[in-house]
Amino acid sequence: MAVFIQSRCLFSQHNSLVDLKVPASRNSGDALWSSLKSAGPKSYYSPRAVPLAAPWSLTLSPAERRCRAGARACAAEESKEVADRNSDQRDDSKQNWDVSSNCVTPVFRSPPIKSPSSDSVDDGRIQILFLSEGNICRSVYAEAIFSDLLRQHKLEDLVKCSSKAVRDYNEGESPDPRVVLVAEECGLQLPEGKVSVVFDCASDIVNADLVLVFDKFNASDVLKEVTIYETVDKTSRHTGKVRRMGEFCQTRSIEDIEDPLYGNMGGAEELELLHEVHDQIRDSCEGLVQTLLQIKTYSEGSESFRQGLRRSLGDMEALNWLVPPMLSRA
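Calculation rules
Residues numbered from 1 in each chain as written. Predicted model: local features only at pLDDT ≥ 70, side-chain atom pairs only at ≥ 80, totals over all residues. Heavy atoms only, no water. Phe/Tyr/Trp six-rings, centres within 6.5 Å; stacked < 30°, edge-to-face > 60°. Helix = DSSP H or I, 4+ residues; strand = E, 2+ residues; numbered from the N terminus. Buried < 20%, exposed > 50% of the residue type's maximum accessible area, 1.4 Å probe, protein only. Pairing = 2+ DSSP bridges. Axes fitted to C-alpha atoms, helices over the stretch in contact; angles between N-to-C directions. Contact = heavy atoms within 4.5 Å. Expected span 1.5 Å × (residues − 1). Bend = angle between axes of the 7 residues up to and from the residue. Polar contact = N/O pair within 3.5 Å; in protein donor to acceptor, adjacent residues only side chain to side chain. Core = buried A, V, L, I, M, F, W, Y, C linked by side-chain atoms within 4.5 Å. Patch = residues over 30% accessible without salt bridge, like charges linked within 9 Å, V, L, I, M, F, W, Y side chains within 5 Å. Areas by Shrake-Rupley, 256 points an atom, 1.4 Å probe, with all protein chains shown as cover. Salt bridge = Lys/Arg side-chain N within 4 Å of Asp/Glu carboxyl O. Lys, Arg positive; Asp, Glu negative; His and termini not counted. Charge placed at Lys NZ, Arg CZ, Asp CG, Glu CD. Parallel < 35°, antiparallel > 145°, perpendicular 65-115°, else oblique. Left-handed = near helix turned anticlockwise from the far one by under 90°. Nonpolar A, V, L, I, M, F, W, Y, C, P; charged D, E, K, R; others polar.

- As recorded by an unreviewed UniProt entry, the protein chain carries the name protein-tyrosine-phosphatase and is attributed to Marchantia polymorpha.

### Notes on the packing of aromatic side chains
Line of reasoning, step 1. Here the structure, examined in full by the defined rule, presents one aromatic pair.
Line of reasoning, step 2. The interplanar angle of 70° and the centroid separation of 5.6 Å between the aromatic rings of Phe130 and Phe146 together place this pair among those described as edge-to-face. One end of the pair, Phe130, is in strand β3 (residues 126–132); the other, Phe146, is in helix α6 (residues 138–152), and 16 residues separate them in sequence.
Line of reasoning, step 3. Classification of Phe146 as buried rests on a relative accessible area of 0%.

### A look at the sheet that holds β3
Line of reasoning, step 1. As summarised here, the arrangement of the four strands in space is β4-β3-β5-β6, forming an open sheet in which the pairing is parallel. Of all the strands in the sheet, just β4 (159–165) and β6 (242–244) have a single pairing partner and so form its edges. Shown here is a sheet whose adjacent strand axes are inclined to one another by a mean of 25°, direction ignored.
Line of reasoning, step 2. Where β3 meets strand β5 (residues 210–213), four bridges bridge the pair, whose relative direction is parallel. Looking at β5, one finds that Phe130 is bridged to Leu212.
Line of reasoning, step 3. Where α6 meets the sheet, its contacts fall on β3 and β4, and the angle it forms with β4 comes to roughly 170°.
Line of reasoning, step 4. Packing against the sheet, helix α11 (residues 305–314) makes contact with β3, β4, β5 and β6, and its axis sits at approximately 45° to β3.

### Description of helix α9 (residues 216–232)
Line of reasoning, step 1. Between its terminal C-alpha atoms α9 stretches 24 Å, which fits the 24 Å expected from 17 residues at 1.5 Å a residue.
Line of reasoning, step 2. Its axis deflected by about 30° at Leu223, α9 carries its strongest bend there.
Line of reasoning, step 3. Among the residues making up α9, those that are buried are Lys216, Asn218, Ala219, Ser220, Asp221, Val222, Leu223, Val226, Thr227, Tyr229 and Glu230.
Line of reasoning, step 4. Along its buried surface, α9 packs onto β3, α6, α8 (201–207), β5 and β6.
Line of reasoning, step 5. Two or three places before Phe217, at the start of α9, stands the capping residue Asp215, its side-chain oxygen 3.0 Å from that residue's backbone nitrogen.

### What to know about the environment of Arg243
Line of reasoning, step 1. Along the polypeptide, Arg243 turns up in strand β6.
Line of reasoning, step 2. Here the alpha-carbon distance between Arg243 and Ala318, two residues 75 residues apart in the chain, equals 9.0 Å.
Line of reasoning, step 3. Not counting residues within four places of it along the chain, the set of residues in contact with Arg243 comprises Leu210, Val211, Leu212, Val213, Phe248, Leu313, Met316, Glu317, Ala318 and Leu319.
Line of reasoning, step 4. Within the local environment of Arg243, its side chain forms a polar contact with the side chain of Glu247, the two groups lying 2.7 Å apart.
Line of reasoning, step 5. One polar contact links the side chain of Arg243 to the main-chain carbonyl oxygen of Glu317, over a distance of 2.6 Å.

### What about the nonpolar core?
Line of reasoning, step 1. Ranked by internal contacts, the top residues of the largest apolar core, which has 40 residues, are Ile128, Tyr141, Phe146, Ile281 and Leu292.
Line of reasoning, step 2. Within the residue set of this core, elements represented by two or more residues are β3, α6, β4, α7 (177–185), β5, α10 (267–299) and α11.
Line of reasoning, step 3. Each residue touching Ile128, except ones within four places of it in the same chain, is listed here: Phe146, Val159, Lys160, Cys161, Ser162, Leu210, Leu212, Leu288 and Leu292.
Line of reasoning, step 4. In this structure, Leu129, Leu131, Phe199 and Ile205 belong to the second largest nonpolar core, which totals 19 residues.

### Observations regarding unusual backbone geometry
Line of reasoning, step 1. Although it is not a glycine, Asn135 sits at a positive phi angle of roughly 60°.
Line of reasoning, step 2. Take Asn135: it is sitting in the loop between β3 and α6.
Line of reasoning, step 3. The exposure class of Asn135 is buried, given its relative accessible area of 1%.
Line of reasoning, step 4. Despite not being glycine, Lys154 has its phi angle at roughly 55°, a positive value.
Line of reasoning, step 5. Structurally, Lys154 is set in the loop between α6 and β4.

### A look at a negative patch on the surface
Line of reasoning, step 1. Together, Glu269, Glu272, Glu276 and Asp279 give the surface a local cluster of negative charge.
Line of reasoning, step 2. For Asp279, the location among the structural elements is in helix α10.

### A few points about the packing of α6 against α10
Line of reasoning, step 1. Running from amino to carboxyl end, α6 crosses α10 at an angle of 45°, the nearest separation of the two axes being 9 Å. Classified by the angle between their axes, α6 and α10 sit oblique to one another. Of the two elements, α6 crosses α10, and the hand of that crossing is right-handed. On the side of α6, the interface is formed by Arg138, Tyr141, Ala142, Ile145, Phe146 and Leu149, while α10 contributes Leu274, Val277, His278, Ile281, Arg282, Cys285, Glu286, Leu288, Val289 and Leu292.
Line of reasoning, step 2. The residue inventory of the contact of α6 with α10, partitioned by class, reads twelve nonpolar, one polar and three charged.

Here's what the structure looks like:
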């Protein structure tokens, strides 16, 4: 029985394909099929035009042979172009070692610390800054109590104070209503029109002579930024300005003045905590005023009030704060 073979040839300058199909049915004694089978599958079916077995070529018409010859020439030309491109790329890689696209461009703080503001320099008074988490409770109490004590002890010409937040949770908000209520019960006048302002480390740490926080968490929020600035500028000495409020209390030992609004318990228990925090802050503010009066007395005629404050802060023990892992050393 004769074997009929159907062939299809597609040829273009971009792609070439010779799809040659062999019928599935055949006689076991067919010599042509046996010769194709012994030549291997790639000889009788290939996605590219490759030399076929001799018996197969005899069945092709002259036009099909020309088509196959063109397909082989196109495939050879494409293979040569690919080899040339790979060779050029290897040569370029040997000569061109630019790996900038694989590197991360470092970003630095610019500028890491701002210059002191002109009003702070011209004013001449030392500046004390109270920092709590949201600037709606503890730092507001401290600003109000300390401002009142400055007036009582006639230190307004030497010292000024303000308060800010280390987090932006309550930015632009007024003091909490419960804070206002307890202040009224204690006879404390809060700063008029006071709203929460966020601490700007790059400028505030330079302008302030003393930064007072209320717990280790506040200290961590401030010092993790200040220590980075000091890493960039080795001549700066700003971490010594940051102290805990309770360190200045002279009547009792206070480590941290906790946030009375943390957890939002509400009711009488929360008001009781607010009263307790108010008393702790008042005791600490009174101790701070006594420290300032001692510095004033000691520094008269020998050093400026600001120099005396720096000396006093330098004599204090290192602040105990929650060091971030990236700044801690094993």
